[in-house]
Amino acid sequence: MTGDAWTLGVMSEKIRTPRKAPPREPEEHGLTLDLDRYVPAFITFIANKLSNSATAFYQRNFGVNVTEWRIMSLLAIEPGIPASRICSVIGFDKGPVSHTLALMKDRGLIAIRNDPQDGRSHSISLTAKGRATHDKVIVAALERERRLLACLDKNEQEMLIALLRRIHDNLDAVTGAS
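A short tour of the structure in this document, coming up.

Rules behind the numbers
Residues numbered from 1 in each chain as written. Predicted model: local features only at pLDDT ≥ 70, side-chain atom pairs only at ≥ 80, totals over all residues. Heavy atoms only, no water. Phe/Tyr/Trp six-rings, centres within 6.5 Å; stacked < 30°, edge-to-face > 60°. Buried < 20%, exposed > 50% of the residue type's maximum accessible area, 1.4 Å probe, protein only. Lys NZ or Arg CZ within 6 Å of the ring centre and 35° of its normal. Helix = DSSP H or I, 4+ residues; strand = E, 2+ residues; numbered from the N terminus. Expected span 1.5 Å × (residues − 1). Contact = heavy atoms within 4.5 Å. Polar contact = N/O pair within 3.5 Å; in protein donor to acceptor, adjacent residues only side chain to side chain. Arc of directions from axis to C-beta. Patch = residues over 30% accessible without salt bridge, like charges linked within 9 Å, V, L, I, M, F, W, Y side chains within 5 Å. Areas by Shrake-Rupley, 256 points an atom, 1.4 Å probe, with all protein chains shown as cover. Salt bridge = Lys/Arg side-chain N within 4 Å of Asp/Glu carboxyl O. Core = buried A, V, L, I, M, F, W, Y, C linked by side-chain atoms within 4.5 Å. Pairing = 2+ DSSP bridges. Axes fitted to C-alpha atoms, helices over the stretch in contact; angles between N-to-C directions. Parallel < 35°, antiparallel > 145°, perpendicular 65-115°, else oblique. Nonpolar A, V, L, I, M, F, W, Y, C, P; charged D, E, K, R; others polar.

**Description of the packing of aromatic side chains**
Working step 1: Applying the stated criterion across every chain yields a total of 4 aromatic pairs.
Working step 2: Seen in terms of ring centroids, Phe57 and Tyr58 are 5.8 Å apart; in terms of plane orientation they differ by 65 degrees. Their pairing is edge-to-face.
Working step 3: Phe57 gets classed as partly exposed once you look at its relative accessible area, which sits at 25%.
Working step 4: Site record: aromatic cluster; members linked through ring pairs are Phe57, Tyr58, Phe62 and Trp69.
Working step 5: Over the aromatic face of Tyr58 sits the side chain of Arg144, whose NZ or CZ is 5.8 Å from the ring centroid.

**Concerning helix 2 (residues 66-77)**
Working step 1: For helix 2, built from 12 residues, the straight-helix expectation of 16 Å at 1.5 Å per residue is met to within 8% by its first-to-last C-alpha distance of 17 Å.
Working step 2: Listing the buried residues of helix 2 in full gives Val66, Thr67, Glu68, Trp69, Ile71, Met72, Leu74 and Leu75.
Working step 3: Packing partners of the buried residues in helix 2 comprise helix 1 (39-62), helix 3 (83-90), helix 4 (94-106), strand 1 (110-114), strand 2 (122-126) and helix 5 (128-149).
Working step 4: Capping the start of helix 2 is the job of one residue whose side-chain oxygen sits 3.0 Å from the backbone nitrogen of Thr67: Asn65.

**Some remarks on helix 4**
Working step 1: Between the first and last C-alpha of helix 4 there are 18 Å, a value that for 13 residues agrees with the 18 Å anticipated at 1.5 Å per step.
Working step 2: Along helix 4, the residues classified as buried are Val97, Thr100, Leu101 and Met104. Considered in projection along helix 4, the buried side chains sweep an arc of 105 degrees and stay on one side of the axis. Across from the buried face of helix 4, at angles greater than 90 degrees, the exposed residues are His99 and Asp106.
Working step 3: Contacts from the buried residues of helix 4 go to helix 2, helix 3, strand 1 and strand 2.
Working step 4: Gly108 occupies a position one or two residues after helix 4 and carries a positive phi of about 80 degrees.

**Quick notes on a nonpolar patch on the surface**
Working step 1: The grouping of Val39, Ile43, Leu160, Leu164 and Ile167 at the surface amounts to a nonpolar patch, some 380 Å² of accessible area in total.
Working step 2: Among the elements of the structure, helix 1 and helix 6 (154-169) are those that each provide at least two residues to the nonpolar patch.
Working step 3: With 3 residues, helix 6 is the largest single contributor of residues to the nonpolar patch.
Working step 4: Mapped onto the elements, Ile43 comes out in helix 1.

**Examining the nonpolar core**
Working step 1: Grouped together as the largest cluster of nonpolar side chains are 21 residues, with contacts concentrated most on Tyr58, Met72, Leu75, Ile86, Leu101 and Ile110.
Working step 2: At 6 residues, the largest contribution of residues to this core is made by helix 2.
Working step 3: Discounting residues that sit within four places of it in the chain, Ile86 has contacts with Ile71, Leu74, Leu75, Ile81, Gly91, Val97, Leu101 and Ile124.

**A look at the environment of Leu152**
Working step 1: Considering the arrangement of structural elements, one finds Leu152 in the loop between helix 5 and helix 6.
Working step 2: The exposure class assigned to Leu152 is partly exposed, which follows from its relative accessible area of 25%.
Working step 3: Residues within four places of Leu152 in sequence aside, it is in contact with Gln157 and Leu160.

**Digging into the pairing of strand 2**
Working step 1: When you tally the buried positions in strand 2, you get 4 out of 5 residues, the bulk of the element.
Working step 2: Both strand 1 and strand 2 contribute to a ladder of 5 bridges, which runs antiparallel. By the bridge assignment for strand 2, Asn114 is matched with His122.

**Some words on the packing of helix 1 against helix 2**
Working step 1: Running from N to C, helix 1 and helix 2 point in directions that differ by 85 degrees, and their axes come no closer than 8 Å. Classified by the interaxial angle, the pair formed by helix 1 and helix 2 is roughly perpendicular. Listed contacts from helix 2 to Ser51, Ala54, Thr55 and Tyr58 of helix 1 are Val66, Trp69 and Arg70.
Working step 2: Considered class by class, the residues forming the contact of helix 1 with helix 2 number 4 nonpolar, 2 polar and 1 charged.

Geometric descriptors of this kind do not, in isolation, establish any biological role.
See the structure below:
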């Protein structure tokens, strides 16, 4: 969705056309955001809508929420990683990740073992049930991605991915991480 499709960050869900806000005189109280051009808002709005719809879809069809799916997809790529790695990659705090891992363990989706190299750390992996669930969800996830990106040609998709990667790599500029 391009910037011109947004007005004040609101889009009519029924007819999929932007709602125009009435023209406003500049406020005396200082700066206001132009949500037609403010990138953090675009990213947040898109992420929230994708996450909410994914949770509803994955929960209804596979019995997992989007956080569980993110963890399962990472464990399929990097089996045996500690919780700290999960937090680092998906950008969640330790508390919610630990809670989600405990629920996933109770449901038999993951196994948590003491790391043999470091007794203080744990190694987390998908169980056979977790892998089977992952293998079902990934088909739906890739189809959702295909439908989302269908408005872009292949070159535009590659450009979008490259630009998002650059923004991701530049997050330290605003997060204060070193």
